[in-house]
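If you want the building blocks of each chain, they are given just below.
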Amino acid sequence: MSGISDSIESFRAAAAEADIHTVEVAVPDTQGHLRGKRVPAKRFLENTFESGANIADAMFVFDMQNDLPDNEFVNMDTGYLDAHLVPDNSTGRIFSHRPGYGLVFADAVNEHGDPHPLAPRSVLAAQIERCRAAGLEPVVATELEFFLCNPDWTPVQAHIQYSSLTDGMEFEAVLADMRSALLGAGIEVEGSNAEYGAGQFEINAGPADAMTAADNTVLFKSIVKQVAMQHGYKATFMPKPWAEQSGSGMHVHTSLTSADGKNAFGDCSEGEPNDVMRAWMGGLLEHAEAMTLLGAPTSNGPKRIRPYTFAPTHVCWGLDNRTVLARCIAESGSSANRVEFRSAGADANPYLIIAGILAAGTDGIERNLDPGAMGSGDMYGNPGDCTALPTDLPGAIAAFEGSELASRLGDTFSRSYVSIAQAELPLAAENNPDPDDVNDWERERFIEHC
Ligand code: GLU
Ligand code: MG
C-alpha cells in the first residue's frame, strides 16, 4: 500500500498491513534536514501518536554542520530547551525502500504549548493561513535537481546528455528505485530525466497542498540520498558543487484554488496571465530580492545565480522562457496554469521558500501589485531595467534583513534566520573569499549535508 495516511486509524491499518516495526517522528530543521526520533511502532501507535516526543530546540539554530552559531533566542542562557513534538497524524507514510519503517511528521511547540516560532512548519502554516484568509488555497509542486556521485563525491559521469533515454543506462537502476521509493512514500512522481550537468538528474514531483508539498520535498531529498546509498552512490543537493558545472535548483510551481474549487489562474487567455496571476506575480517580483536568502542561505547558493546557467539573474517574469525568474504557464482556460519561481537552489528549505512565495504572492493579491511588462528573449543579455538579484551571501542577507517579507514571516524567525546566515560570512571569507570559485573547503562543508 502506498499513499499518505490522513488519520491515525488509516496509518494504523497501513502499519499493520506492512508489518512495520519502527515509526520515525520527523521534524524538519532550519536547513531543511529531517530530524526526529525512531520509535517502536507499537509504542507509537499506543502512545506517542498522542503524547508526542521531545527534541532539543538547538536543532532550529544549527548550521549545515550542526555547529551552533550565536543566537539571541536559543543559546546557553536559555539552556537549549526541549521542543515538544506533536505528531501530525494526517501525514503518515510507509516506506517501501526501507521495509519495516514508517514516518509521521510532527509540529514543534514551545514550552508554552504554542507553535515554535523557529520551526519551519510553523512558519509555513502561518502563511498558508494568510493565503486562506484571502480566499485562496495554495497548490504547490517542486522540481529538484541533484548530482549523483561516486563515494568520493566525483560525479558519476564526465559528459552531459540532457534527457537522454540511451546514455547513462547504467544509472537507470538507481533512478528507477528512487522513483518507486518516492511513490511508495506517497509522493506523486511525474517523471525523471538526465539534466544539463554531468551526473545531474531531475525528478519532478506532482502538485499537492502547500504543507504536503513541503513535507514531500524534505522526504524526497532524504529518500533520494538513501536510495543512492543503497546502490553504492551518493547524491547531493548542494546548489553549486562545481563552479564550471550547472547548479542544482529547486523550482517551485504554485497555483491557487478559489472557493469554487477552480484554479484561480484558470481563465487566462493564451499567453496572457489573468488579473489574479498578474497580482500574484507582482508580489513575487516585489519581494524577489529579499526571497533570495530563503533560496540561497549559505555562501554557496548565490554562486548559482549567474548568467547563462538557466538560473535567473534578474527580477522579471515571462512565459515559457528559462531565463526569467517567474515563469508563468498561462494557457487558455487550463486548470494546469501556474507560476514557476526559479531562483531557489536545491539546498533551500522547502517550507521556508514556499512560505516566502505565499507571503509575497498574497501581498501581491492584497495590494493588487503590477508585475510590469513581460520579459522576453534573452533576459541575461538584455535585462532592460529589471533589478539584478543578489549574487553573494552578503547581498542576499542585506536584501532580507529588515524587509517587509522578513516581518511577514515573523520577527523572531527572521532574526534567527539572518544570524545563522551571518555566521557563514567569516567562514567563507577565511576559507574561500573568491565569489565565483567553489573550492574543496566549500564542497567539504556542504556536499554531504545539502
Ligand atoms: N540547473 C538550473 C538551475 O540551477 C535549471 C535548469 C532547468 O531549467 O531545469 O536552476
Ligand atoms: Mg531542471
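Above this text sits the structure in question.
Right, let's walk through the structure included here. None of these values were measured; they are calculated from a predicted model.

Our next topic: the site of ligand 1. The immediate surroundings of ligand 1 are formed by 13 residues, with Glu 145, Gly 247, Arg 304, Arg 322 and Arg 342 found nearest. Within the side chain of Glu 195, one N or O atom sits 3.1 Å away from an oxygen atom of ligand 1. In the model, an oxygen atom of ligand 1 is placed 2.8 Å from a nitrogen or oxygen of the Arg 322 side chain. Here ligand 1 loses 96% of its free accessible area of 300 Å² to cover by the protein chains. Residues of the shell around ligand 1, tallied by class, amount to two nonpolar, five polar and six charged.

Another point: the side chain of Asn 89. Its location among the elements puts Asn 89 in the loop between β4 (82-87) and β5 (93-94). The class for Asn 89 is buried, based on a relative accessible area of 19%. At 3.0 Å, the side chain of Asn 89 forms a polar contact with the backbone oxygen of Phe 49. Ignoring any residue separated from it by four or fewer positions in sequence, one finds Asn 89 in contact with Ser 5, Asp 6, Ser 7, Ile 8, Phe 44, Phe 49 and Val 104.

In the structure shown here, the tally under the stated rule is eleven aromatic pairs. For the ring pair Phe 11 and Phe 44, a centre distance of 6.0 Å and an interplane angle of 85° mean the geometry is edge-to-face. Of this pair, Phe 11 sits in helix α1 (residues 8-18) while Phe 44 sits in helix α2 (residues 41-51), and the two are 33 residues apart along the sequence. With a relative accessible area of 1%, Phe 11 lands in the buried category. The class for Phe 44 is buried, based on a relative accessible area of 0%.

A few words now on the coordination of the magnesium ion (ligand 2). At the metal site, the magnesium ion (ligand 2) is ligated by Glu 145 (OE), Glu 195 (OE) and Glu 202 (OE), and these contacts range over 2.0 to 2.1 Å. Read N to C, the donor residues that coordinate the magnesium ion (ligand 2) are spaced as E-x49-E-x6-E. Placement of Glu 145 in strand β7 (residues 137-149) and of Glu 202 in strand β9 (residues 200-205) is noted, with a sequence separation of 57 residues between them. Across the pair, exposure class does not vary: Glu 145 and Glu 202 are buried alike.

Taking burial as the measure, the 13 residues of β7 include eleven buried ones, the bulk of the element. Where β7 lies against strand β12 (residues 250-257), eight bridges are found, and the strand directions are antiparallel. What sits directly across from Pro 138, in β12, is Leu 256. Alignment of β7 against strand β10 (residues 208-209), held across two bridges, turns out to be antiparallel. Opposite Val 139, over in β10, you have Asp 209 as the bridge partner. Bridge analysis of β7 against β9 gives five bridges, and the strand direction is antiparallel. Considered in β9, the bridge of Phe 147 is made with Gln 200.

Rules used in this analysis
Residues numbered from 1 in each chain as written. Chains lettered and ligands numbered in written order. Predicted model: local features only at pLDDT ≥ 70, side-chain atom pairs only at ≥ 80, totals over all residues. Heavy atoms only, no water. Near = heavy atom within 4 Å. Polar contact = N/O pair within 3.5 Å; in protein donor to acceptor, adjacent residues only side chain to side chain. Areas by Shrake-Rupley, 256 points an atom, 1.4 Å probe, with all protein chains shown as cover. Nonpolar A, V, L, I, M, F, W, Y, C, P; charged D, E, K, R; others polar. Helix = DSSP H or I, 4+ residues; strand = E, 2+ residues; numbered from the N terminus. Buried < 20%, exposed > 50% of the residue type's maximum accessible area, 1.4 Å probe, protein only. Contact = heavy atoms within 4.5 Å. Phe/Tyr/Trp six-rings, centres within 6.5 Å; stacked < 30°, edge-to-face > 60°. Donors = N, O, S within 2.8 Å, 3.2 Å for Na, K, Ca; no water. Pairing = 2+ DSSP bridges.

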